[in-house]
Amino acid sequence: MSDKNALIQPDRGQQAVSIHLVDKDGLEKFTKGLTVPQRAVLEAARFDASAGEYVILPEGDGWSVAAGVADAGTLGGWCMAKLAEKLPAGTYRRAGGEPGPAIFGWILGQYSFDRYKADAEDHGPRLLLTGEPAQIAALTAEAEAVMLVRDLVNTPAEDMGPAQLEAEAEALHKAFRAEIRVTRGEVLERDFPMVHAVGRAAGRSHAPRMIELEWGDPKNPRIAVVGKGVCFDSGGLDVKPSAGMLLMKKDMGGAAHALALARLIMSANLPVRLHVLVPAVENAISGNSFRPGDVLRSRAGITVEIGNTDAEGRLILGDALTRAGEAGPEFIIDFATLTGAARVAVGPDLPALFTREDATADALLAAGKTVDDPCWRLPLHEGYREYLKSDVADINNAGSSGFAGASTAALFLDRFVPKGVEWAHFDTFAWRPTAKAGRPKGGEALGLRAAWHMLKARYA
């Protein structure tokens, strides 16, 4: 797409096409102010100010746009996204008001993933003016973070393996002068044994690794952001059916969220000591794959019986969460495309949120609601710990009941987070199965802005 920073510009009175945002309550008043030809166009189009509906109106020697929104007095982030998708290239301004939070959706309405298309369409930029230029940088940064998640998740696994995730972390290291540490090979096997076990069957070019970034003044509050980086998940020896593998390029969506959140934190210079951890693997199949029935010793010393090799994400996160806890953070947040059970429970749009403390959940849920990034809390129910019991080890990775799959997976992770540390776990889908305005089918950031705004409210 075109230069993202140019899509929103300060309004200095330059020539622009007017966009009239109208809700159902204001439609009658709006219509009375139109010319006879404009009313005729509106009536012919049967415009009733439904959200997402728009009409091109004649205006002098040019034209303007009438667009329906749910509430013209309180705009949402996505209410102008469809206009950004559909209107021709040019410069636009909202008539009688400012776009405010709709800037975010305007930028994302022009997102497309065309890396592999030889004949990608370029309709030219749709520029939006605002008289509130102080909002441009923050909302543009958030939109770019979402686009980073989309790009990483949409990229096929052959081009987005552990080495490519490392390259993304390296780019952050260079851009923000963060410290970077990557653990591979024999040291990985020794220090992060579950990460190594899950990833050891992959080819050399997709060899497993633990990627860590640290940034910020060590005197500031320490927080850790962890992202599941399973770059492709075959299921291992408990192999997935072919239909189940079709979307498994997105199984590194947690890592994409973690890297995008790190970029937001660093670009805003949030006063924290940030520790980012991405265990990056491919869960492949070969003669040295880890097996059902194996017992793995984790970094924490906890032994884990493998009930199912397709429950691999929680294994690599277990080692990463242990490492995060060793540094003494006051808050750990992780993102993972962890369970199908979460999707059954809350569908594709809502990340399932698990926290130890009610206040943590309340802050994240409120932040998500404010910025059109809703989440839904599921229980970290102590009674379900018994589902993870093992006859031969400290814990089983798969659970035995068939019930509460998202909760039992979260309880598995909870075992590796130090007691007393505030913790939030997002079981996110990182994918949009059907398109919406500004949100094409494909990779998606779900829970990212909720986490960012919660952190910004707490630490800024």
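Residues numbered from 1 in each chain as written. Predicted model: local features only at pLDDT ≥ 70, side-chain atom pairs only at ≥ 80, totals over all residues. Heavy atoms only, no water.

Asks: When you look at the pattern of salt bridges in this model, what are you seeing that I'm missing?
Replies: Side chains carrying opposite charge are able to pair once their charged atoms draw close together. The tally for this structure, following the rule as stated, stands at 31 salt bridges. The partner of Asp 251 in a salt bridge is Lys 228, with the nearest N and O atoms 2.9 Å apart. Remark: Lys 228 occurs in the loop between strand 9 (222-227) and strand 10 (229-233) and Asp 251 occurs in the loop between helix 9 (242-245) and helix 10 (253-267); sequence separation between them is 23 residues. In this pair, the class of Asp 251 matches that of Lys 228, namely buried. We note a salt bridge from Asp 233 to Lys 240, for which the minimum N-O separation is 3.6 Å. The pair formed by Asp 233 and Lys 240 is uniform in burial state, with each residue classed as buried. (Salt bridge = Lys/Arg side-chain N within 4 Å of Asp/Glu carboxyl O. Helix = DSSP H or I, 4+ residues; strand = E, 2+ residues; numbered from the N terminus. Buried < 20%, exposed > 50% of the residue type's maximum accessible area, 1.4 Å probe, protein only.)

Asks: Would you explain the environment of Asp 151 in this entry?
Replies: Tracing the chain through its elements places Asp 151 in helix 5 (residues 136-154). Judged by relative accessible area, which is 32%, Asp 151 ranks as partly exposed. In the structure, Asp 151 is positioned 105 residues away from Ala 256 in sequence and 8.9 Å away in space, judged by C-alpha atoms. Beyond its immediate chain neighbours, meaning those up to four positions away, Asp 151 contacts Tyr 111 and Phe 113. (Contact = heavy atoms within 4.5 Å.)

Asks: So what exactly am I meant to see when it comes to the nonpolar core here?
Replies: Nonpolar side chains in soluble globular proteins tend to end up buried together. The biggest cluster of nonpolar side chains holds 85 residues, and the ones touching the most others in it are Trp 106, Leu 165, Ile 265 and Leu 274. Setting aside its immediate chain neighbours within four residues, Leu 165 contacts Met 160, Ile 211, Gly 229, Cys 231, Met 252, Ala 255, Leu 259, Val 278 and Ala 280. Phe 290, Ala 320, Ala 342 and Val 421 belong to the second-largest nonpolar core, a separate cluster that totals 45 residues. (Core = buried A, V, L, I, M, F, W, Y, C linked by side-chain atoms within 4.5 Å.)

Asks: I tried to follow the packing of helix 5 against helix 15 (residues 448-459) on my own but got confused; where do I start?
Replies: Their axes nearest at 11 Å, the elements helix 5 and helix 15 cross at an angle of 140°. As the angle between them shows, helix 5 and helix 15 are arranged oblique. Where helix 5 crosses over helix 15, the handedness of that crossing is right-handed. Contacts between helix 5 and helix 15 involve Leu 139, Glu 142, Ala 145, Val 146 and Val 149 on the former and, on the latter, Leu 448, Arg 449, Trp 452, His 453 and Lys 456. Looking at the contact of helix 5 with helix 15 residue by residue, the classes come out as six nonpolar, one polar and three charged. (Axes fitted to C-alpha atoms, helices over the stretch in contact; angles between N-to-C directions. Parallel < 35°, antiparallel > 145°, perpendicular 65-115°, else oblique. Left-handed = near helix turned anticlockwise from the far one by under 90°. Nonpolar A, V, L, I, M, F, W, Y, C, P; charged D, E, K, R; others polar.)

Asks: Looking at this structure, how should I read the packing of helix 13 (residues 358-370) against helix 15?
Replies: For any two helices packed against each other, one specifies the inter-axial angle together with the distance between the axes. Closest axis-to-axis distance for the helix 13/helix 15 pair is 8 Å, and the angle between their directions is 115°. Taken together, the axes of helix 13 and helix 15 are roughly perpendicular relative to one another. Here helix 13 runs over helix 15; the crossing is right-handed. When helix 13 is examined against helix 15, the residues Thr 360, Ala 363, Leu 364, Ala 367 and Gly 368 are found in contact with a partner set consisting of Ala 450, Ala 451, His 453 and Met 454.

Asks: Looking at this model, I keep getting lost on the pairing of strand 10. Mind explaining?
Replies: Consecutive residues of a regular strand have side chains that alternate between opposite faces of the sheet. Among the five residues in strand 10, four count as buried, and that is most of the element. Pairing between strand 10 and strand 11 (residues 273-283): three bridges, direction parallel. Note that in strand 11 the partner of Gly 229 across the bridge is Ala 280. (Pairing = 2+ DSSP bridges.)

Asks: Looking at this model, I keep getting lost on the sheet that holds strand 5 (residues 90-94). Mind explaining?
Replies: Within a beta sheet, neighbouring strands are joined by backbone hydrogen bonds and run either parallel or antiparallel to one another. Spatially, 1-6-5-2-4-3 is the arrangement adopted by the six strands of the open sheet, whose pairing is mixed. The open sheet has two edge strands, strand 1 (8-10) and strand 3 (54-59), and neither has a second partner. When strand polarity is set aside, the average angle formed by the axes of neighbouring strands in this sheet is 35°. Alignment of strand 3 against strand 4 (residues 62-68), held across six bridges, turns out to be antiparallel. In the sheet register, Glu 59 faces strand 4, and the bridge partner there is Gly 62. Each of strand 3 and strand 4 is contacted by helix 2 (residues 36-44), which is oriented at about 160° to strand 3, the strand it contacts most.

Asks: Teacher, can you tell me more about unusual backbone geometry here?
Replies: In most cases, non-glycine residues show a negative phi, while peptide bonds are predominantly trans. Here Arg 177, not a glycine, exhibits a phi torsion of approximately 55°, which is positive. Of note in this structure, Ala 404 is not a glycine but carries a positive phi near 50°. Relative to the elements of secondary structure, Ala 404 occurs in the loop between strand 17 (395-396) and helix 14 (405-414). For Ala 404, a relative accessible area of 28% puts it in the partly exposed group.

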